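Commentary on secondary and tertiary structure
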Amino acid sequence: MSKKLVKREITDAVDFLLEDTSVLEQGDIQNIELNLLENYHDHPFTLYTGKRLEDMVDSIRENGILNPIIVLKKEDGAYEILSGHNRVNAARLANLKTVPCIVKENLSEEQAYTYVIETNLMQRSFSDLLPTEKALVLKIRYEKIASQGNRNDLQKEINNLEQGIIEKESKAEDKTDSRKSLGKEYHLSGASIARYLRLNELSDSWKQDVDNEKIGLTMAVDLSYLPKEIQDYLYQQCEELELTLKSSDTKALHLMNRQEELNKEMITTYLLNLKKPKMKEYQNIKLSQSIYQKFFQDKAKEEAEGIIEKALEIYFREYLH
């Protein structure tokens, strides 16, 4: 099955509601027991929660599932969900026994994944996706760009990020290049697309922090250049030491890793230095006018400073020891 045919069938499946009766007569839709349905093994999208899920449950209780889900039949007799994870989740909460399904067989891993990605994009706006979900969609789109020359254009942007270079886009650039194509489709600049693509190199823990808005996109990009093992160790140590990294910290770690690949010992040393109490910055302490007039009105500046120093030495020696 070609990619074009897979995408065409996905579009047809989303439009099934318009031709339910004829499709049912053809026997293409099967009512399958919920306990035979399994989530797609690499499902990248977050399921609905809160009011959005509650509204879906109420709708299913009242009307049932009007638009069939798409499943892949497995050799063990179970069915893997390609499209409709939220509907199945809501159906379970609504205590349904069966779900109407369009059954697919003998799909390659790539074809199955195409169903998962494309149907989610048809049902949800790109802007509604979490940052790491956007990153995955852009990665898949990017990988499908046929021309190696066009891919090199965006790879240059990604490499620039590692070097801390933000390249301004020129109006004279070829409008068919990968940045322009992806940017036009998703209303993003080439630099933004490159940043999102870097999120795919984050460890799962840091991805979750990005989606939960605990760290920003710039910090995430810096962390993405660290080896996955070091990312995991850094996350674990930050939790144990109760440390919250700042943008300056992730930038520093990125630069350190460019000079010499970081190891666990280097990460520990860096974090322990962050944990140390910092020396207070210099403060210019002024005397009140009454104290100055009482003790130093007829004294030169140097003499007044000498008196204050001797008085402080006596104070700290006799009263604090």
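Under an unreviewed UniProt entry, the protein chain has the name ParB-like protein and belongs to Peptoanaerobacter stomatis.

Our next topic: unusual backbone geometry. Although it is not a glycine, N95 sits at a positive phi angle of roughly 65 degrees. In this fold, N95 is placed in the loop between α4 (85-93) and β5 (98-104). In this structure, E213 is a non-glycine residue whose phi angle is positive, near 60 degrees. Along the chain, E213 falls in the loop between α10 (204-211) and α11 (217-224).

On to the pattern of salt bridges, then. All told, the structure shown has 5 salt bridges when counted by the stated rule. Here E38 makes a salt bridge to K74, at a shortest N to O gap of 2.8 Å. Of this pair, E38 sits in strand β2 (residues 37-38) while K74 sits in the loop between β3 (69-73) and β4 (79-83); the two residues are 36 residues apart in sequence, bridging distant segments of the chain. In this structure, K51 and D55 form a salt bridge, with 2.9 Å as the shortest nitrogen-oxygen distance. Placement of the pair is K51 and D55 together in helix α3 (residues 50-63), with a separation of 4 residues, close to one helical turn.

So, about the packing of aromatic side chains. For any pair of aromatic rings, geometry is given as the distance between the ring centres together with the angle between the planes. Scanning the model with the defined rule gives 5 aromatic pairs in all. The interplanar angle of 40 degrees and the centroid separation of 4.3 Å between the aromatic rings of F126 and Y186 together place this pair among those described as tilted. Remark: Y186 occurs in helix α8 (residues 178-186) and F126 occurs in the loop between α5 (109-123) and α6 (131-143); sequence separation between them is 60 residues. Take F126: its relative accessible area is 14%, and that puts it in the buried class. For Y186, a relative accessible area of 9% corresponds to the buried category. Summarising the aromatic geometry, the rings of Y315 and F316 are spaced 5.3 Å apart at their centres and angled 85 degrees between planes, so their arrangement reads as edge-to-face. The exposure class of Y315 is partly exposed, given its relative accessible area of 42%. When its relative accessible area of 43% is taken as the criterion, F316 is described as partly exposed. Just above the ring of Y48 sits the side chain of R52; from NZ or CZ to the centre is 4.1 Å. Of note, R198 hangs over the ring of Y225, and the distance from its end group to the ring centre comes to 3.8 Å.

This next bit is on the sheet that holds β4. Note: strands within a sheet are paired through backbone hydrogen bonds, in either parallel or antiparallel orientation. Spatially, β1-β5-β3-β4-β2 is the arrangement adopted by the 5 strands of the open sheet, whose pairing is mixed. Because the sheet does not close on itself, it has two edges, and the strands there are β1 (29-33) and β2. Pairing between β3 and β4: 4 bridges, direction antiparallel. Bridge pairing links K73 to Y79 in β4. Against the sheet, α4 makes contact with β2, β3, β4 and β5, and its axis sits at roughly 120 degrees relative to β4, the strand it touches most.

On to α10, then. Every buried residue of α10 is accounted for by W206, D209, V210 and D211. Within two residues after α10, E213 carries a phi angle of roughly 60 degrees, on the positive side.

What follows covers the pairing of β5. The two faces of a sheet get side chains in turn, since along a regular strand they alternate between them. Counting buried positions along β5 yields 6 of 7 residues, so the element is predominantly enclosed. Bridging between β1 and β5 involves 5 bridges; their strand directions are antiparallel. Bridging from a neighbouring strand, I32 pairs with V99 of β5. For β3 and β5, the ladder comprises 4 bridges, and the chain directions are parallel. Bridged to L72 within β5 is K104.

In this section: the side chain of N257. If you trace the backbone, N257 turns up in helix α13 (residues 247-259). The residues contacting N257, other than those within four sequence positions of it, are Y225, L226, P227 and L262.

So, how was this worked out
- Residues numbered from 1 in each chain as written.
- Predicted model: local features only at pLDDT ≥ 70, side-chain atom pairs only at ≥ 80, totals over all residues.
- Heavy atoms only, no water.
- Helix = DSSP H or I, 4+ residues; strand = E, 2+ residues; numbered from the N terminus.
- Salt bridge = Lys/Arg side-chain N within 4 Å of Asp/Glu carboxyl O.
- Phe/Tyr/Trp six-rings, centres within 6.5 Å; stacked < 30°, edge-to-face > 60°.
- Buried < 20%, exposed > 50% of the residue type's maximum accessible area, 1.4 Å probe, protein only.
- Lys NZ or Arg CZ within 6 Å of the ring centre and 35° of its normal.
- Pairing = 2+ DSSP bridges.
- Contact = heavy atoms within 4.5 Å.
- Axes fitted to C-alpha atoms, helices over the stretch in contact; angles between N-to-C directions.

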